[in-house]
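Coordinate inspection notes
Listed here are the chains, written in short residue letters.
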Amino acid sequence: MKKSSIYDCSVIELPVNHREKGNLTVVENSLDIPFDVRRVYYLYDVPSGESRGGHAHKELRQLIVAASGSFDVVLYDGKVKRTITLNRPFCGLVVVSGIWRELDDFSSGSVCLVLASHEYNERDYIREYQEFLEWKNI
Ligand code: TYD
């Protein structure tokens, strides 16, 4: 997805089962998100002022959810930059492959839940910004 743009990324609303005793959100493969989930991980206890990410993926697609608290996701496709604030556990940001991303402004106690389309593979990462621009042919 070398040609992907940030406009291929979108915030989707996930189903919520509202109950007096609390809410429940389910994410099912292919039904609620446009890929099958092969891996789940979560970021937490991110110190104030720290940022995460700072890379792109060649193939990996992700759904990023603020399971608790809030943070910003800065997306960059080599041409256009867009910042999306996630702060609701029933909203997920679909990030397609070929997008540079940075996560920052984590609120205290926030949890960043990531549902990923593939198992961990370091070879899928582009960690150097210049390499990313060259890969995108920019
Ligand atoms: P990284 O994806 O660079 O984290 P972030 O983008 O949040 O800063 O991963 C940080 C480290 O954790 C890196 O050494 C690779 C390792 N890691 C795994 O071993 N498995 C995984 O599924 C993930 C996401 C990371």
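Residues numbered from 1 in each chain as written. Predicted model: local features only at pLDDT ≥ 70, side-chain atom pairs only at ≥ 80, totals over all residues. Heavy atoms only, no water.

1. Focus on the nonpolar core
- Core analysis: the largest hydrophobic core is formed by 19 residues, its most contacted members being Ile64, Phe71, Leu75, Leu86, Leu93 and Cys112.
- At 3 residues, strand 7 (residues 71-76) tops the list of elements feeding residues into this core.
- Not counting chain neighbours up to four residues away, the residues in contact with Leu75 comprise Ile6, Cys9, Val80, Lys81, Arg82, Ile84, Leu93, Val95, Ile99, Trp100 and Arg101. (Core = buried A, V, L, I, M, F, W, Y, C linked by side-chain atoms within 4.5 Å. Buried < 20%, exposed > 50% of the residue type's maximum accessible area, 1.4 Å probe, protein only. Helix = DSSP H or I, 4+ residues; strand = E, 2+ residues; numbered from the N terminus. Contact = heavy atoms within 4.5 Å.)

2. Comments concerning the pattern of salt bridges
- Scanning the model with the defined rule gives 2 salt bridges in all.
- With its nearest N and O atoms 4.0 Å apart, the salt bridge here joins Arg38 to Glu119. Here Glu119 lies in the loop between strand 11 (111-116) and strand 12 (125-126) and Arg38 lies in the loop between strand 3 (22-25) and strand 4 (39-44), a separation of 81 residues in the sequence.
- In this structure, Glu122 and Arg127 form a salt bridge, with 2.7 Å as the shortest nitrogen-oxygen distance.
- Given a relative accessible area of 40%, Arg127 falls into the partly exposed group. (Salt bridge = Lys/Arg side-chain N within 4 Å of Asp/Glu carboxyl O.)

3. Quick word on the site of the ligand
- In the vicinity of the ligand, the contacting residues are Arg39, Tyr41, Leu43, Arg52, Gly53, His55, Tyr120, Tyr125 and Arg127.
- In this structure, Arg39 approaches the ligand through a side-chain N or O atom, which is 2.5 Å from an oxygen atom.
- Measuring from an oxygen atom of the ligand, one finds a side-chain N or O atom of Arg52 at 3.0 Å.
- Relative to its unbound accessible area of 530 Å², the ligand is 61% covered by the protein chains.
- Where the shell around the ligand is concerned, the elements lending two or more residues are strand 4 and strand 5 (52-57).
- Of the residues that constitute the shell around the ligand, the class distribution is 4 nonpolar, 2 polar and 3 charged. (Near = heavy atom within 4 Å. Polar contact = N/O pair within 3.5 Å; in protein donor to acceptor, adjacent residues only side chain to side chain. Areas by Shrake-Rupley, 256 points an atom, 1.4 Å probe, with all protein chains shown as cover. Nonpolar A, V, L, I, M, F, W, Y, C, P; charged D, E, K, R; others polar.)

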